[in-house]
Amino acid sequence: MSTDLTTLTGDYTIDAAHSTIGFTVRHAMVTNVKGKFNDFSGSLHLDGGNPSASTASIDVKMESIDTGSADRDGHLKSADFFKTEEFPTMTFRSTKAESLGGDDYRITGDLEILGTTRPVTIDLEFNGAAKDPFGNERVGFEGKAEIKRSDWGLTWNAALETGGVLVSDKIKLNFDISAIRNA
């Protein structure tokens, strides 16, 4: 199987067991807290010959947020942040894909959080394609984006005695995606 994306065309299902959708946020103005979502699904349509015809769709179960702290995860699921009972899913639907040259791509799409949909642009690097030991044809991508959580109504915060706030507005998103070609 080729490791050149320009030769690949087809539909793929994201392998959540071998993928990560994560984030990093500045905490108390001095350190970063990292987290991820453990339950998500998605699909890709790749058109290597015409990257602009490629698409991506991802659904994330917000209850699956995992920062390594049960108390913090509980707070993030609450009405202060994600309101997971009312808004159980975060979605991304691509609206544009483009090649930036080499193994670099950019995908733009609509990210819905808390019922608010806003555009997000994700820079991607194609990591290659291979057949795994089970005969599955796989592709891999790494991606990153930055968003302001306030753009989606995520505004809870606490002022610090020394100045600044407890949680930064800027969130760094990171993606490690492995997807299997559909039969």
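In case you missed it, the structure is sitting above this.
It should be emphasised that the depicted structure is a prediction, and the values quoted were computed from it without experimental measurement. (Residues numbered from 1 in each chain as written. Predicted model: local features only at pLDDT ≥ 70, side-chain atom pairs only at ≥ 80, totals over all residues. Heavy atoms only, no water.)

K.L.:
Describe the pairing of strand β2 (residues 20-27), naming the residues involved and giving the relevant values.
P.N.:
In this structure, β2 lies alongside strand β11 (residues 167-181), joined through seven bridges in antiparallel fashion. When the bridges of β11 are listed, T24 appears paired with K172. For β2 and strand β3 (residues 31-37), the ladder comprises seven bridges, and the chain directions are antiparallel. Looking across to β3, one finds that F23 is bridged to G35. (Pairing = 2+ DSSP bridges. Helix = DSSP H or I, 4+ residues; strand = E, 2+ residues; numbered from the N terminus.)

K.L.:
Summarise unusual backbone geometry; cite the residues concerned and give the values.
P.N.:
For K83, which is not glycine, the phi dihedral falls at a positive 45°. With respect to the helices and strands, K83 occurs in the loop between α1 (70-77) and β7 (89-101). Classification of K83 by relative accessible area gives partly exposed; the value is 33%. (Buried < 20%, exposed > 50% of the residue type's maximum accessible area, 1.4 Å probe, protein only.)

K.L.:
Go over the side chain of S54, please, and point to the residues and values.
P.N.:
Inspection of the secondary structure assignment puts S54 in the loop between β4 (40-47) and β5 (55-61). Overall, the relative accessible area of 14% leaves S54 in the buried class. In terms of polar contacts, S54 uses its side chain to reach the backbone amide nitrogen of D47, at 2.9 Å. Excluding residues that lie within four positions of it along the chain, S54 makes contacts with H45, L46, D47, S94 and A97. (Polar contact = N/O pair within 3.5 Å; in protein donor to acceptor, adjacent residues only side chain to side chain. Contact = heavy atoms within 4.5 Å.)

K.L.:
I'd like to hear about the environment of V167, residue by residue, with values.
P.N.:
Within the element layout of this structure, V167 appears in strand β11. Spatially, the C-alpha atom of V167 lies 17 Å from that of G22, the residues being 145 residues apart in sequence. Setting aside residues up to four positions removed in sequence, V167 forms contacts with V25, R26, R149, W156 and N157.

K.L.:
How would you sum up the environment of A130? Please name residues and give values.
P.N.:
Tracing the backbone shows A130 in strand β9 (residues 116-131). Judged by its relative accessible area of 40%, A130 falls in the partly exposed class. A sequence separation of 96 residues divides A130 from K34, and the C-alpha atoms of the two residues are 30 Å apart.

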